[in-house]
Amino acid sequence: MRGYHVGGRSIMWGRQSYRWSPMDFEANAKDGIAIDWPVRYNEIAPWYDYVETFAGISGQVENLPQLPDSKFLPPMELNCVEKVLKDSMFEKFKRTLTIGRVAHVTSPIGDSPDRGTCQYRNLCIRGCPYGAYFSSNASTLPAAERTGNMTLRPNSIVYELIYDDQKKKATGVKVMDAETGEQIEYYARVIFLCASTMGSTFIMMNSTSDRFPNGFGNDSGELGCNIMDHHLGVGASGQYDGFEDNYYYGRRPNGFYIPRYRNLGKEKRDYLRGFGYQGGGSRQSWSRMIAEMSIGASLKEEVTQPGPWRLGMGGFGEVLPAHDNRVTLNTEKKDKHGLPTLTFDTEFKANDYNMRKDMASDAAEMLDAAGFKNISTYDDPGGLGLGIHEMGTARMGKDPKTSVLNKWNQVHACKNVFVTDGSFMTSAACQNPSLTYMAFTARAVDYAVSEIKKQNL
Ligand SMILES: Cc1cc2nc3c(=O)[nH]c(=O)nc-3n(C[C@H](O)[C@H](O)[C@H](O)COP(=O)(O)OP(=O)(O)OC[C@H]3O[C@@H](n4cnc5c(N)ncnc54)[C@H](O)[C@@H]3O)c2cc1C
């Protein structure tokens with residue numbers, strides 16, 4: 001699972017893990033947008049169960065049709081101001097606020113000897129020595145190593161799939177050693193691409209042959225198109241007077257979640273689909289004093305006390321798939337390894353901008369109704385990609401003419417290649433997507449094994 005180093009700082013995934021609902025898999029067909037998903041919720045639900053049991057997801061059962069419950073480990077706790085908002089939202093708007101559903105082990109999970117429980121240190125960014133949050137270092141790599149079948153080769157850039165025109169199969173991959181530049185070929189009966197959405201899309205675009213002159217498996221012309229993300233950078237925050245005597249032990253590595261409530265049932269806004277919010281309440285720290293520039297004993301006294309309670313919430317909105325939001329291979333501009341680069345051409349559409357108005361004003365309205373003061377809203381759309389939930393560039397579908405992958409994440413035109421990162425997504429919903437990638441990956445692996453056993457691969 002992804003982690004980055006940016007400007008000397010590590011950035012890690014937020015561990016927020018939510019299921020999609022039946023409605024999300026039906027939305028494209030219902031709205032006549034892009035193409036229909038070839039899969040429905042009931043087909044993927046057992047694979048959500050499977051990956052949740054492996055990864056460990058803590059959360060609260062809510063019985064919501066738009067956000068099915070996971071196989072939960074015990075939930076973390078909401079704090080006092082979050083509870084105020086939760087009660088008010090339910091009473092005044094019939095909307096739900098729940099504790100974030102996070103990939104943290106909050107009680108022991110049986111068959112995972114490498115993983116301890118969360119210590120509520122909120123130092124996840126340093127890499128958890130207890131293995132309490134789900135990451136490849138703590139979970140999947142140790143599990144793979146235990147099988148005795150894993151060979152891990154670091155510094156290996158896969159830059160091309162090898163396609164055999166005679167056999168009509170991919171036979172392996174070309175790899176470049178990032179440090180030495182050495183070029184190596186690896187051969188395999190079945191190949192899984194899961195180099196992240198843009199990583200796998202790059203490999204496919206860079207794999208041309210007589211059979212696939214426009215990129216691997218790209219008979220439909222959809223490879224690189226339909227980029228989706230979640231738009232964010234919009235919400236509100238406010239201050240709550242009271243609860244000055246409330247202190248909490250530990251540092252909760254999690255916030256709250258407000259599941260989608262717009263355009264459910266009969267409601268029709270001036271946009272399609274919806275959004276959820278993530279947020280948190282906390283007391284302001286000593287750093288609030290710096291702006292005051294005060295000095296002396298009164299300052300010292302003041303900074304030893306926690307400040308007033310504040311609560312902020314930011315929306316995550318669904319972006320619709322659009323054919324012209326796309327990425328192309330740039331063979332003119334090379335990276336430091338001499339490999340082509342990707343060029344992006346994307347924009348938000350009217351649907352996104354209309355949705356954002358609700359995302360800001362609803363947040364302010366709910367805070368106001370719950371008694372928060374000094375409420376301010378913000379809306380900074382940025383661009384596609386800032387949500388870091390890039391999806392859709394090798395979408396799955398029933399028809400090879402309009403999609404790259406079939407319902408098993410198999411390349412329509414080359415059945416021994418599977419693509420299981422976010423590039424397979426046919427629509428984006430508004431929930432954080434990684435749990436869904438994991439569920440589809442596990443399902444695709446199970447299918448590949450059964451096809452190998454039947455000699456179909
Ligand atoms: C700051 C941040 C916070 C996030 N928070 C959340 C969250 O709370 N919830 C959520 O659901 N999602 C979250 N995400 C998104 C989540 O991290 C991704 O959806 C997830 O990591 C995708 O998994 P993946 O295995 O497809 O890709 P990655 O995790 O990116 O793994 C791909 C791997 O492939 C390797 N690779 C790439 N190209 C090649 C190549 N050519 N050859 C060989 N190897 C290659 C990469 O080095 C990497 O190790 C967050 C992302 C970021 C950046």
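Placed above this text is the structure.
The present account deals with the structure reproduced in this document. (Residues numbered from 1 in each chain as written. Predicted model: local features only at pLDDT ≥ 70, side-chain atom pairs only at ≥ 80, totals over all residues. Heavy atoms only, no water.)

### A look at the overall build of the chain
Here comes step 1: For the chain, the count of helices and strands is eight helices and 19 strands.
Here comes step 2: Reported as C-alpha extents along the three principal axes, the dimensions of the chain are approximately 80 × 50 × 45 Å.
Here comes step 3: Within the chain, the fraction of its 457 residues that count as buried is 51%.
Here comes step 4: Contacts spanning at least 24 positions in sequence make up 71% of the contacts within the chain whose residues lie at least 6 apart. (Helix = DSSP H or I, 4+ residues; strand = E, 2+ residues; numbered from the N terminus. Buried < 20%, exposed > 50% of the residue type's maximum accessible area, 1.4 Å probe, protein only. Contact = heavy atoms within 4.5 Å.)

### Points about the sheet that holds strand S18 (residues 410-411)
Here comes step 1: A sheet is described by the order of its strands in space; here three strands give the open sequence S9-S19-S18, paired in mixed fashion. Every other strand in the sheet has two partners, leaving strand S9 (191-193) and S18 as the edge strands with one partner each.
Here comes step 2: With three bridges joining them, S9 and strand S19 (residues 414-419) adopt parallel strand pairing. Bridge pairing in S19 links Leu193 to Val419.
Here comes step 3: Relative to S9, helix H5 (residues 197-205) is tilted by about 125°, and along the sheet it contacts S9, S18 and S19. (Pairing = 2+ DSSP bridges. Axes fitted to C-alpha atoms, helices over the stretch in contact; angles between N-to-C directions.)

### Looking at helix H7 (residues 350-369)
Three- or four-residue spacings in an α-helix give side chains the same orientation, since the helix completes a turn every 3.6 residues.
Here comes step 1: Between its terminal C-alpha atoms H7 stretches 29 Å, which fits the 28 Å expected from 20 residues at 1.5 Å a residue.
Here comes step 2: The complete set of buried residues in H7 reads Asn351, Asp352, Met355, Arg356, Asp358, Met359, Ala360, Asp362, Ala363, Ala364, Met366 and Leu367.
Here comes step 3: Residues of H7 that are buried in the fold lie against helix H3 (80-93), strand S10 (230-231), strand S11 (234-240), strand S13 (275-283), strand S14 (309-318) and strand S17 (373-379). (Expected span 1.5 Å × (residues − 1).)

### Quick look at the pattern of salt bridges
Here comes step 1: Throughout the structure, instances matching the rule amount to 25 salt bridges.
Here comes step 2: For the salt bridge of Arg19 with Asp49, the shortest nitrogen-to-oxygen distance reads 2.6 Å. Taken together, the positions of Arg19 in the loop between strand S2 (9-12) and helix H1 (22-31) and Asp49 in helix H2 (residues 41-55) put the pair 30 residues apart, joining distant regions of the chain.
Here comes step 3: Residue class for Arg19 comes out buried when judged on its relative accessible area of 4%.
Here comes step 4: Relative accessible area serves as the criterion here: at 27%, Asp49 is assigned to the partly exposed category. (Salt bridge = Lys/Arg side-chain N within 4 Å of Asp/Glu carboxyl O.)

### Concerning unusual backbone geometry
Here comes step 1: You will see that Ala34, though not glycine, has its phi angle at about 50°, which is positive.
Here comes step 2: Within the fold, Ala34 resides in the loop between H1 and H2.
Here comes step 3: Using a relative accessible area of 43% as the deciding quantity, one classes Ala34 as partly exposed.
Here comes step 4: Of note, the phi angle at Phe243 is positive, near 55°, even though the residue is not glycine.
Here comes step 5: Relative to the elements of secondary structure, Phe243 occurs in the loop between S11 and strand S12 (256-258).
Here comes step 6: For Phe243, a relative accessible area of 28% corresponds to the partly exposed category.

### Focus on the side chain of Asn416
Here comes step 1: Mapped onto the fold, Asn416 is located in strand S19.
Here comes step 2: Given a relative accessible area of 2%, Asn416 falls into the buried group.
Here comes step 3: One polar contact links the side chain of Asn416 to the main-chain carbonyl oxygen of Ala170, over a distance of 2.6 Å.
Here comes step 4: For Asn416, the residues in contact, after removing those within four places along its chain, are Lys169, Ala170, Arg189, Val190, Ile191 and Leu457. (Polar contact = N/O pair within 3.5 Å; in protein donor to acceptor, adjacent residues only side chain to side chain.)

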